[in-house]
Amino acid sequence: MSGAPDPEFVSLVRARRLAAATADGFRRGPDAPGVYLFKTAAGEVVYVGKARSLRRRVLDHLRARIEKDGSIVAQSASVEFAPTATEREALLLEASLVKQYQPPLNVLLKDDRSYPYLAIDTTEEFPRILFVRRPRRRAGLLLFGPYTSAREARSVARLLGDLCRLRRCVRLPKAACLYYHLGVCSAPCIGAIDADGYRRDLDRAAEVLRGRVASVRPSVEEEMRAAAARQEFERAGLLRDALAGLDALGERQSVIGRGSGRADVLAVAYPNDPSTLRIAVGVVGVEDGEVRHTEPHLVAFPADDLPEPAELLRQFLVQFYGGRIDLPERVYVAGARPAGIDATLDELFGERGIDVQFRPTGRYAALARLAERLARATVDQVVPRIAPREVLAALQSLLELPTIPNRIEGTDISLFQGYEAVGSLVVFERGAPKRSEYRRFRIRTVPGTNDFAMIAEVVRRRYVRQLTEEEPLPDLLVVDGGAGQLSAALSSLSALGLADRIPAIGLAKREEEVYRSDRTEPMRPNPNAPAMLLLRAVRDEAHRFAVTYHRTRRRIRLREEFEATGTGSETGPEEPERDRARRRSA
């Protein structure tokens, strides 16, 4: 294997470079919590901020509502997004990145304060929950956190101390203290509980601190009911309050946590839009358990040649790590191990002793999800600059069509238990939906749940009208379904003499298989290829349009039945029978 990238393969570049090259540095962000970074053209971070909705917050900056916003935008050339699962993670990630980059326009969070942790020293005979800021990692010390504030950490320690009746005293007293008399300490100091019983209570508290609230909740509920039955209402009330507070402890942190050394976490995101010919790779750098940087990369690819996962990953690893001296100790890659990647891993990392793991578990699985959100946000923000004709040409080649499919029509059926069956037909021109030509159909001639016959009716009615009114015919018809649905559509086209004029395919949802009349077996192309993304877009739009119309028809039917029933109750006792007869006849 050569260490240099293949010349025909476009190199992966940092997202900000592409944004600068396309003059599209300030893009709309995702409508999700996370962190945003304003950067200069040289890649220096000017400002780091967090938001409940990245899209709305960045728009506020771009509108320059205050003088500081104007300064941020004036000094920046692009903005990058790092979406998180929750606002809490966004808060922790923002603080970590501000301390790492020290951006000039950030005022807060530049000091060396650290987040508080809770710890349990298992070397003690009767351990207690400790509040620590800069824990020294050593054998026997269990660390939990971090927490966003000291008040939160102390509140958790107090809650679990009361719930599990753990020791509070720094030194074991010779007599029972006030906590024992209040019922919130099991008093191991006077032998009121043995070591095994105390250890069980401690293990229950540790399970909660690890985020496994569901395993503890049933026992707490049972204990609360038992206390109420014994008329120990103070204890029952405390357990009730503890149950209300357990939900807040179930959220585990994936931004800052335990760990040592340096690690990189990678994830790949393919486009959802058929005209976005970009793939993103998100890199999350971790040092001593803390996220230190996020770095998205993009690669362009031709519409008819989507790179295989192994080749894409090989190119990225060679370009990103090939010339570097300071390498991380571990590399984690989200997803399965691609076939044929082992040779590249051995050449890059084998002699340096760097461990590369796929599908990481534990905390690094949470970091892998952070990298996936970073890559997804990056590829979704790319504004398509390439004309869709390249994608249409790739679709023509894939399906062996006689002409470029400039006009594509898609159809689907929606019904529920045989009632209110409807059909839809959507139109795409040059790869984009043309909603003014969408059509919907109420199924008239097919009773029950015969999906095939319904497809045949919709196709027949659609193209009888197109022929009568001399409207344009599609270059491709996409039917939502498999071989049966496609055969039904082709039967209607043949009856109208259009089988040779309108190519038709079926696209099944589960495996994204393409059914063609000239093949006995379905095609299984790469579902992430731009041509397939276009077919999926047509199929999904037809499904959405059909389901929307079906729900509308059901609402109308339910309202009519309700009004009929209401009228009967007002006009007399004989009216309900007439209503039932009318519904039976309908």
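Residues numbered from 1 in each chain as written. Predicted model: local features only at pLDDT ≥ 70, side-chain atom pairs only at ≥ 80, totals over all residues. Heavy atoms only, no water.

J.: How would you sum up a positive patch on the surface? Please name residues and give values.
T.: Side chains of R551, R554, R555 and R559 sit close together on the surface and give a patch of like positive charge. Looking at the secondary structure, you find R559 in helix 16 (residues 530-571). (Patch = residues over 30% accessible without salt bridge, like charges linked within 9 Å, V, L, I, M, F, W, Y side chains within 5 Å. Areas by Shrake-Rupley, 256 points an atom, 1.4 Å probe, with all protein chains shown as cover. Salt bridge = Lys/Arg side-chain N within 4 Å of Asp/Glu carboxyl O. Lys, Arg positive; Asp, Glu negative; His and termini not counted. Charge placed at Lys NZ, Arg CZ, Asp CG, Glu CD. Helix = DSSP H or I, 4+ residues; strand = E, 2+ residues; numbered from the N terminus.)

J.: Any details on helix 7 (residues 195-209)? Residues and values, ideally.
T.: Over its 15 residues, helix 7 runs 21 Å from end to end, which matches the ideal 21 Å to within 8%, given 1.5 Å per residue. What helix 7 keeps buried is the set G197, Y198, D201, L202, R204, A205, A206, V208 and L209. (Expected span 1.5 Å × (residues − 1). Buried < 20%, exposed > 50% of the residue type's maximum accessible area, 1.4 Å probe, protein only.)

J.: Give a detailed account of the sheet that holds strand 7 (residues 141-144), specifying residues and quantitative values.
T.: If you walk across this open sheet you meet the three strands as 6-5-7, and the pairing is antiparallel. Two strands in the sheet have a free side with no partner beyond their single neighbour: strand 6 (129-132) and strand 7. Each strand axis lies, on average, 35° off the axis of its neighbour in the sheet, ignoring direction. Examined bridge by bridge, strand 5 (residues 117-121) and strand 6 share four bridges and lie antiparallel to one another. Across the sheet, Y117 pairs through a bridge with V132, a residue of strand 6. Docked against the sheet, helix 7 engages strand 5 and strand 7, running at close to 150° with respect to strand 5. (Pairing = 2+ DSSP bridges. Axes fitted to C-alpha atoms, helices over the stretch in contact; angles between N-to-C directions. Contact = heavy atoms within 4.5 Å.)

J.: Can you tell me about the pairing of strand 18 (residues 504-507), naming the residues and giving the values?
T.: Going residue by residue along strand 18, you find A504 and G506 tucked away on one face and I505 and L507 tucked away on the opposite face as well. Relative to strand 18, strand 17 (residues 476-480) is paired through four bridges, and the arrangement is parallel. Bridged to L477 within strand 18 is A504. Handedness of the crossover joining strand 17 and strand 18 through helix 15 (residues 483-495) is recorded here as right-handed. Bridging between strand 18 and strand 19 (residues 514-516) involves three bridges; their strand directions are antiparallel. Of the residues in strand 19, the one forming a bridge with L507 is V514. (Right-handed = clockwise from strand over helix to strand, strands pointing away.)

J.: Which residues make up the packing of helix 14 (residues 451-468) against helix 15, and what are the values?
T.: It is the contact of helix 14 with helix 15, at a shortest axis distance of 8 Å, that shows an interaxial angle of 35°. The handedness of the crossing between helix 14 and helix 15 comes out as right-handed. Residues D451, F452, I455, A456, V459, R460 and Y463 of helix 14 touch helix 15, and the partners they reach there are G484, Q485, A488, A489, S491, S492 and L493. Broken down by class, the residue content of the contact of helix 14 with helix 15 amounts to eight nonpolar, four polar and two charged. (Left-handed = near helix turned anticlockwise from the far one by under 90°. Nonpolar A, V, L, I, M, F, W, Y, C, P; charged D, E, K, R; others polar.)

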